[in-house]
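# Observations on the three-dimensional arrangement
Chain by chain, the residues run as shown.
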Amino acid sequence: MTTAPLFLVDDIGAPAGAETVLDGPEGRHAATVRRLRPGEPLMLSDGRGGVAHAEVAGPVGKDALAVRLLDVVHVPEPAVRVVIAQALVKGDRGELAVETATEAGADGFLPWKAARCVARWDEGPRGAKALERWRSTVREAAKQARRPWQPEVGAPVTTRQLAQRVAGAELALVLHESAEVGLADVELPPSGEVLLAVGPEGGVDDGELAALTGSGAIAVRMGPEVLRASTAACVALGAIAVRTGRWSVPDPAARPGARAGQ
């Protein structure tokens, strides 16, 4: 059975059994791109844990749908939240990095202006446009993955600002090819924020590594291979998810909206 498509709304705002209208860009996508018909299933999410399993009741004009809510639940945030400090990567590899990391379970992103970044985000319109591309990519990836919580993409940070963020995390890790500690060997906290720093293609320079580890971060590596800056976060998230139980498959009978025959 195909998983119902998910659409983002500002607020679900109605209890189970009620009808609401899906309009705006999401309604247009549902009505004219996906061409959902009465009776077809869909999901609504506010991106803050609120999720409604629903079905199409009928069209409302050309670009909107009336939606009947079958049940409404709130999914709590994961006990361990992983925030990725992703160094800026040239071309479309930056969007690839945040897209795959979102699908793998990242809970937030900090664009990192590392010393060896080839890509540069200025303070003007070009930088704002690049940041919006990341945010749009994360939003669409979260929808594709049916995530109840949409990861936040913060403002770009310097290494100094990142070091300050390290000090406030429950655990901070820096992926580095020369690290002597493996990611699998680090004890993960039972709750709180894990900050994971991923450097640029040129690597994290010695001064940056010293600044981050001096603030409490641990340099780790994932194995003998060297991964690209655009894929390292995704692979690390998979390892963390297995160890924290985040990828444990829940009992289907306990899934919100589960009914006989589903």
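Residues numbered from 1 in each chain as written. Predicted model: local features only at pLDDT ≥ 70, side-chain atom pairs only at ≥ 80, totals over all residues. Heavy atoms only, no water.

Attention now moves to the domain arrangement of the protein chain. According to the domain assignment, the protein chain contains domain 1 (6-74) and domain 2 (80-244). Taking only C-alpha atoms, the centre of domain 1 and the centre of domain 2 are 33 Å apart. If you look at the interface, domain 1 gives 10 residues, while domain 2 gives 7 residues. For the pairing of domain 1 and domain 2, the buried interface totals around 750 Å² over both sides, and the portion due to carbon and sulfur atoms is 62%. When the buried area of domain 1 at its contact with domain 2 is split by residue, L6, L8 and G47 rank highest and sum to 56% of it. The tally of links between domain 1 and domain 2 comes to 1 salt bridge. A salt bridge links K143 to E26, with the nearest nitrogen and oxygen atoms 2.8 Å apart. For the interface between domain 1 and domain 2, the tally reads 4 residue pairs in polar contact (both at pLDDT 80 or more). Elements supplying a minimum of two residues to the side of domain 1 that touches domain 2: β1 (6-8) and β3 (41-45). By residue class, the composition of the side of domain 1 that touches domain 2 is 4 nonpolar, 4 polar and 2 charged. (Domains from an automatic or database assignment. Contact = heavy atoms within 4.5 Å. Buried area = accessible area lost by both parts, 1.4 Å probe. Salt bridge = Lys/Arg side-chain N within 4 Å of Asp/Glu carboxyl O. Polar contact = N/O pair within 3.5 Å; in protein donor to acceptor, adjacent residues only side chain to side chain. Helix = DSSP H or I, 4+ residues; strand = E, 2+ residues; numbered from the N terminus. Nonpolar A, V, L, I, M, F, W, Y, C, P; charged D, E, K, R; others polar.)

A few words on the pairing of β3. With 4 of its 5 residues buried, β3 lies for the most part within the structure. Bridge count for β1 against β3 is 3 bridges, and the pairing is parallel. Counted as the bridge partner of L8 is S45 from β3. The sheet contact formed by β3 and strand β4 (residues 50-59) spans 5 bridges and is antiparallel. Bridge pairing links M43 to H53 in β4. Linking two consecutive strands that pair antiparallel, namely β3 and β4, is a turn of 4 residues; a positive phi of about 75 degrees is found at G47 within it. (Buried < 20%, exposed > 50% of the residue type's maximum accessible area, 1.4 Å probe, protein only. Pairing = 2+ DSSP bridges.)

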